[in-house]
Amino acid sequence: MKKNLEKLEVCDIHHNHQHIMTSPMPEEDTILRLAGLYKIFGDPTRIRILYTLSAGELCVCDIAAVLNMTQSAISHQLRILKGSQLVKFRREGKTVYYSLADSHVATILKQGLEHVCE
């Protein structure tokens, strides 16, 4: 049994990995934040909300109507999306309007869709 383990531990380097050193690995904190971002995108309801907002600014009532969901459920997901800086909001009187935080969010959605539709 020990001989088999010793064979498994031996690894020949097959490629020159010099190019890896020219583009350094991001800091651990940055990698964790990136993983967290993708975790946010892992929820179908949040993806639907983001796609809805990609058409333009909407209030919670409108998002709920488009997605056929309760305002409470939409509000809960919007809190998560705001906390992740994927959506922004503005207040007009008693109404709060939501929109995508920036063009990067739309780009992530578009590229992700292109990838899964290949």
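What comes next concerns the included structure. As the structure is a prediction and not an experimental result, all values here were calculated from the model. (Residues numbered from 1 in each chain as written. Predicted model: local features only at pLDDT ≥ 70, side-chain atom pairs only at ≥ 80, totals over all residues. Heavy atoms only, no water.)

### A word on the overall build of the protein
The number of helices and strands found in the protein is seven helices and three strands. Its helices and strands taken in sequence order, the protein reads α-α-α-α-β-α-α-β-β-α from the N to the C terminus. By residue count, 22% of the 118 residues in the protein fall in the buried class. Long-range pairs, those at least 24 residues apart, make up 51% of the contacts in the protein between residues at least 6 apart in sequence. With an accessible surface of roughly 9,300 Å², the protein has 57% of that area assigned to carbon and sulfur atoms. (Helix = DSSP H or I, 4+ residues; strand = E, 2+ residues; numbered from the N terminus. Buried < 20%, exposed > 50% of the residue type's maximum accessible area, 1.4 Å probe, protein only. Contact = heavy atoms within 4.5 Å. Areas by Shrake-Rupley, 256 points an atom, 1.4 Å probe, with all protein chains shown as cover.)

### Some thoughts on the nonpolar core
Formed by 20 residues in total, the largest nonpolar core has its most connected members in Ile49, Leu50, Leu53, Ile63, Ile74, Leu78 and Leu81. Residue assignment for this core shows that the elements contributing at least two residues are helix H4 (44-53), helix H5 (60-67), helix H6 (71-83), strand E3 (95-100) and helix H7 (103-116). With four residues, H5 is the largest single contributor of residues to this core. Aside from chain neighbours lying at most four places away, what touches Ile63 is Ile49, Leu53, Leu58, Ile74 and Leu78. (Core = buried A, V, L, I, M, F, W, Y, C linked by side-chain atoms within 4.5 Å.)

### A look at unusual backbone geometry
Its identity is not glycine, yet Asn68 carries a phi of approximately 55 degrees, on the positive side. Counting through the fold element by element, Asn68 comes out in the loop between H5 and H6. Backbone geometry places Gln85, a non-glycine residue, at a positive phi of 60 degrees. Structurally, Gln85 is set in the loop between H6 and strand E2 (87-92).

### Details of the pattern of salt bridges
It is possible for side chains of opposite charge to pair when their charged atoms get near one another. This structure, assessed with the given rule, holds four salt bridges. A salt bridge links Arg90 to Glu57; its shortest N-O distance comes to 2.8 Å. Residue Arg90 is found in strand E2, and its partner Glu57 is found in the loop between H4 and strand E1 (58-59); the two are separated by 33 residues along the sequence. Here Glu92 ties to Arg90 by a salt bridge, and the two come within 2.9 Å at their closest N and O atoms. Note on Glu92: relative accessible area 45%, which makes it partly exposed. (Salt bridge = Lys/Arg side-chain N within 4 Å of Asp/Glu carboxyl O.)

### Considerations on the packing of aromatic side chains
Enumeration according to the criterion identifies one aromatic pair in this entry. Seen in terms of ring centroids, Phe89 and Tyr98 are 6.3 Å apart; in terms of plane orientation they differ by 45 degrees. Their pairing is tilted. With relative accessibility at 45%, the residue Phe89 sits in the partly exposed group. The ring centre of Phe89 lies 4.7 Å from the NZ or CZ of Lys82, which sits over that ring. (Phe/Tyr/Trp six-rings, centres within 6.5 Å; stacked < 30°, edge-to-face > 60°. Lys NZ or Arg CZ within 6 Å of the ring centre and 35° of its normal.)

### With respect to the sheet that holds E1
In spatial order, the strands read E1-E3-E2; together these three strands make up an open sheet with antiparallel pairing. The sheet terminates laterally at E1 and E2, the two strands that pair on one side only. Relative to the sheet, H6 contacts E2 and E3, its axis offset from that of E2 by approximately 115 degrees. (Pairing = 2+ DSSP bridges. Axes fitted to C-alpha atoms, helices over the stretch in contact; angles between N-to-C directions.)

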